Amino acid sequence: MKNKKFTATDLTKGAIFIALMAIGANLTAIITIGTVPLTFQTVVAILAGILLGKRLAAFAMTGYLMLGLIGVPVFAGFVGGFHTVTSPTFGFLLSFIALAYIVGLIIELNQQPSLFTFYLSSYVGLILNYLIGVPYLYLHGHFILGLTDVQFIPIAVSMVPFFLKDFVLVGFAATLAPKLLKAINKSSPKKTVAS
């Protein structure tokens, strides 16, 4: 399979989504439920998958994660640094790479995606976000905090308000996605710069 190279335009789009992730992480980071801040990152990561395609979206999400891990304060609460690996929400940060790739893959598998495809890919991405993030929350409590009485079901139930918020936002994003995709694909000249 041919390894397509990223163009200058691609890298610019990727950088824009890295910036959007940082903004989405901190737009409402002052509002928290328990230890988890309310953010718009899940929606931004899903839109990255839809608008950038699987490879570029995963690349952008990896760039965002690496930027935070080296210490740039782009994560929720304006934090950064390698110590965030031990934070309870790090699983959600990891999930953004996988969900952006899978969302992009679902869109790319359909040459002319219908509105249903946009909804399907978006909600698959949302579910993947929680399938990775919630178990990490549990493991954090059990292994990092050393809590012996931590149980998975109560942790999962505590995430319901976040899931409902994301469910509504993702539906809104999926509705707008076809128009956004059409606008972003009005391409400019493609000059290859990097793989």
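Up top you'll find the structure we're talking about.
These lines cover the structure that appears in this document, whether it is placed above or below. (Residues numbered from 1 in each chain as written. Predicted model: local features only at pLDDT ≥ 70, side-chain atom pairs only at ≥ 80, totals over all residues. Heavy atoms only, no water.)

So, the overall build of the chain
Here comes step 1: Regarding its fold elements, the chain presents seven helices and four strands.
Here comes step 2: Along its sequence from the N terminus, the chain presents helices and strands in the succession β-α-β-β-α-α-α-α-α-α-β.
Here comes step 3: Sequence-distant contacts in the chain: of pairs separated by 6 or more residues, those separated by 24 or more amount to 73%.
Here comes step 4: Accessible area of the chain: about 10500 Å², with a carbon and sulfur share of 71%. (Helix = DSSP H or I, 4+ residues; strand = E, 2+ residues; numbered from the N terminus. Contact = heavy atoms within 4.5 Å. Areas by Shrake-Rupley, 256 points an atom, 1.4 Å probe, with all protein chains shown as cover.)

A short note on the nonpolar core
Here comes step 1: Judged by nonpolar contacts, the single largest core of 46 residues is most densely connected at Phe17, Ile50, Met61 and Tyr64.
Here comes step 2: When residues of this core are traced back to their parent elements, those giving at least two are helix 1 (8-26), helix 2 (41-52), helix 3 (54-69), helix 4 (90-108), helix 5 (115-144) and helix 7 (160-184).
Here comes step 3: Counting residues per element, this core draws most heavily on helix 2, which supplies nine residues.
Here comes step 4: Apart from the residues lying within four places of it in its own chain, the contact partners of Phe17 are Val44, Leu47, Ala48, Leu51, Leu52, Ala60 and Met61. (Core = buried A, V, L, I, M, F, W, Y, C linked by side-chain atoms within 4.5 Å. Buried < 20%, exposed > 50% of the residue type's maximum accessible area, 1.4 Å probe, protein only.)

Points about the packing of helix 3 against helix 4
Here comes step 1: Contact pair helix 3 / helix 4: the axes reach a minimum separation of 7 Å and the direction vectors enclose 170°. Taken as axis vectors, helix 3 and helix 4 run roughly antiparallel relative to one another. Seen from above, helix 3 lies across helix 4 with right-handed handedness. Taken together, the residues of helix 4 that come into contact with helix 3 (itself represented by Lys54, Ala57, Ala58, Met61, Thr62, Tyr64, Leu65 and Leu69) are Phe90, Leu93, Leu94, Phe96, Ile97, Ala100, Tyr101, Gly104, Leu105 and Glu108.
Here comes step 2: Residues that form the contact of helix 3 with helix 4 fall into these classes: 14 nonpolar, two polar and two charged. (Axes fitted to C-alpha atoms, helices over the stretch in contact; angles between N-to-C directions. Parallel < 35°, antiparallel > 145°, perpendicular 65-115°, else oblique. Left-handed = near helix turned anticlockwise from the far one by under 90°. Nonpolar A, V, L, I, M, F, W, Y, C, P; charged D, E, K, R; others polar.)

Structural notes on the packing of helix 1 against helix 2
Here comes step 1: Here helix 1 crosses helix 2 at 165°, and the two axes come no closer than 8 Å. As judged from the angle between their axes, helix 1 and helix 2 are roughly antiparallel. For the crossing formed where helix 1 meets helix 2, the hand is right-handed. From helix 1, Lys13, Gly14, Phe17, Leu20, Met21, Gly24 and Ala25 reach across to helix 2, where they touch Gln41, Val44, Ala45, Leu47, Ala48, Leu51 and Leu52.

With respect to helix 4
Here comes step 1: Relative to the 27 Å expected for 19 residues at 1.5 Å per residue, helix 4 spans 28 Å between its end C-alpha atoms, a close match to the ideal helical length.
Here comes step 2: Looking only at helix 4, the buried set comprises Phe90, Gly91, Phe92, Leu93, Ser95, Phe96, Leu99, Ala100, Val103, Gly104, Ile106 and Ile107.
Here comes step 3: As for helix 4, its buried residues are in contact with helix 1, helix 2, helix 3, helix 5 and helix 7. (Expected span 1.5 Å × (residues − 1).)

Some words on the pattern of salt bridges
Here comes step 1: Scanning the entire structure with this criterion turns up two salt bridges.
Here comes step 2: We note a salt bridge from Lys165 to Asp166, for which the minimum N-O separation is 2.8 Å.
Here comes step 3: Overall, the relative accessible area of 4% leaves Asp166 in the buried class. (Salt bridge = Lys/Arg side-chain N within 4 Å of Asp/Glu carboxyl O.)

Some details on unusual backbone geometry
Leaving glycine aside, a negative phi is the common case for residues, and trans is the common case for peptide bonds.
Here comes step 1: At Phe78, a position not held by glycine, the phi torsion is positive, near 55°.
Here comes step 2: Residue position: Phe78 is located in the loop between helix 3 and helix 4.
Here comes step 3: Its relative accessible area of 58% is what places Phe78 among the exposed residues.

Remarks on the packing of aromatic side chains
Here comes step 1: Applying the stated criterion across every chain yields a total of nine aromatic pairs.
Here comes step 2: Plain terms: the ring middles of Tyr130 and Phe163 are 5.2 Å apart, the flat faces sit at 80° to each other, and that makes the pair edge-to-face. Taken together, the positions of Tyr130 in helix 5 and Phe163 in helix 7 put the pair 33 residues apart, joining distant regions of the chain.
Here comes step 3: On the basis of relative accessible area, Tyr130 is assigned to the buried category, the value being 11%. (Phe/Tyr/Trp six-rings, centres within 6.5 Å; stacked < 30°, edge-to-face > 60°.)

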